[in-house]
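What the coordinates show
The residues making up each chain are set out below.
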Amino acid sequence: QQQQRPAQSTDSAPLFEGAISQPLVSHIYTADPSAHVFEGKIYVYPSHDIDAGTPENDNGDHFDMRDYHVFSMDSVGGEVTDHGVALKLEDIPWAGRQLWAPDAAYKNGKYYFYFPAKDKQDIFRIGVATSDKPYGPFVAEPEPIKGSFSMDPAVFTDTDGTSYLYFGGIWGGQLQRWASGEYDPQGSSTDLENDSLPALTPKMARLTDDMLQFAEAVRDIVILDENGRPLLTGDHDRRFFEGSWVHKYQGKYYLSYSTGDTHQLVYATGDSPYGPFTYQGVIMTPVIGWTTHHSIVEHGGRWWLFYHDTQLSGGKTHLRNIKATELRYDGDGKIVTIHPYGE
Ligand code: FUB
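In what follows, the accompanying structure is described. The structure presented is a predicted model; accordingly, all values stated were derived computationally and were not measured.

1. Considering the overall build of the protein
Of the regular secondary structure elements, the protein holds zero helices and 21 strands. In terms of overall size, the protein behaves like a compact globule, its C-alpha atoms giving a radius of gyration of 18 Å where 343 residues would be expected to give roughly 20 Å. Dimensions of the protein along its principal axes, counting C-alpha atoms only, are 45 × 45 × 45 Å. For the protein, with 343 residues in total, the buried portion stands at 60%. Considering only intrachain contacts with a sequence separation of at least 6, the fraction spanning at least 24 residues in the protein is 56%. For the protein, the accessible area works out to roughly 13,300 Å², and carbon and sulfur atoms hold 47% of it. Charged side chains of the protein number 27 positive and 47 negative; the gap between the two group centres comes to 3 Å.

If you want it as structure tokens, here you go:
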């Protein structure tokens, strides 16, 4: 089992030959794009990758990001505006380091920016910051969301206006250390150490009306196989690793996520935002770089997959760039698998 996030460093441009899309911006490194339509435009909330010189290790310490930028565009393929720094580490009272994948939501005239960071004890928590504008600047709440842990927050607002926060990620995202319900620094450093146990799952909770706290106890999201049994820890091709995203298509809820060490974006569907979700298939085969992370949004009557790879840096795994491509469904609502460099 591969436990590292290898650099996969290479200067060879041919690796990216046949890339189905080009980086959305090239003046800075960006990753983990969460896209939403606000005020008729597409807004993208990514991580801002930097080369901080932090040595690479199994915990992902080399992903040592220190601020966030927000981007917007009228349509995919149109000009992309960088709205500048929306939030920075120094302005988050509780945060110690590592601003990882964020997301955003809108409610009652305000924009809410959700972000993970390690606190001063080096435990990942999820914070929220607010603004009157979709591009910030955002003002962070003084404390993380009560009861939050791990990383990769993603908000889904249902058609009835209820918002839910999905989150979590294993290995560097620390979810395995919470397997007992309490933080255990000595807990497994990878998956649960028993391949035949049900895999660790993403977490979720409904948000309060003011969008600042969990309105209920955090729940596990069960992901089932074709026989109605939970996916197992040993099923690295399908089990949840990090980067959850939820969207709704033709009345069904789609939970998508990264499988981490098998580098795929996959999805499962269900009839409720709480799940259970049944595994369906692969959205995108591996990109170049260790991580893969996405979002899905409808705009202009079409569906779009925002994702990242490492084209701009020639393959440096912690220096990524965001991209977008069209996502298609077949007549049964199955997502057609995307091959980022052609089949
Ligand atoms: O960008 C840092 C981390 O890498 C994210 O939080 C994960 O989803 C992975 O993309």
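2. Some thoughts on the site of the ligand
Around the ligand, a shell composed of 13 residues is seen, among which Asp32, Met65, Asp152, His293 and Arg320 lie nearest. Within the complex, the protein chains bury 100% of what would otherwise be the 280 Å² of accessible surface of the ligand.

3. Regarding the sheet that holds strand 11 (residues 163–167)
Spatially, four strands are ordered 10-11-12-13 in an open sheet, and the strand pairing comes out antiparallel. The open sheet is flanked by strand 10 (154–157) and strand 13 (219–220), the only strands paired with a single partner. Strand direction decides the pairing type here: strand 10 and strand 11, joined by four bridges, are antiparallel. Across the sheet, Ala154 pairs through a bridge with Tyr166, a residue of strand 11.

4. Focus on the pattern of salt bridges
Side chains bearing opposite charge may pair, as long as their charged atoms lie close to each other. With the rule as written, the count across this model stands at 21 salt bridges. Asp61 is the partner of Lys118 in a salt bridge, and the nearest nitrogen-oxygen pair spans 3.6 Å. One end of the pair, Lys118, is in strand 7 (residues 110–119); the other, Asp61, is in the loop between strand 2 (41–49) and strand 3 (67–73), and 57 residues separate them in sequence. The same class applies to Lys118 as to Asp61, namely buried. Residue Glu226 pairs with Arg238 through a salt bridge whose shortest N-O separation is 3.1 Å.

5. Looking at the sheet that holds strand 19 (residues 295–299)
What the three strands build is an open sheet, ordered 19-20-21; its pairing is antiparallel. If you trace the sheet from one side to the other, it starts and ends with strand 19 and strand 21 (321–327), each paired once. Direction aside, neighbouring strands of the sheet carry axes that sit 30° apart on average. When strand 20 (residues 302–309) meets strand 21, the two strands line up antiparallel, connected through seven bridges. In the strand pairing of strand 21, Asp309 is matched with Asn321.

Thresholds applied
Residues numbered from 1 in each chain as written. Predicted model: local features only at pLDDT ≥ 70, side-chain atom pairs only at ≥ 80, totals over all residues. Heavy atoms only, no water. Helix = DSSP H or I, 4+ residues; strand = E, 2+ residues; numbered from the N terminus. Rg over C-alpha atoms; globule rule 2.2 N^0.38 Å. Buried < 20%, exposed > 50% of the residue type's maximum accessible area, 1.4 Å probe, protein only. Contact = heavy atoms within 4.5 Å. Areas by Shrake-Rupley, 256 points an atom, 1.4 Å probe, with all protein chains shown as cover. Lys, Arg positive; Asp, Glu negative; His and termini not counted. Charge placed at Lys NZ, Arg CZ, Asp CG, Glu CD. Near = heavy atom within 4 Å. Pairing = 2+ DSSP bridges. Salt bridge = Lys/Arg side-chain N within 4 Å of Asp/Glu carboxyl O. Axes fitted to C-alpha atoms, helices over the stretch in contact; angles between N-to-C directions.

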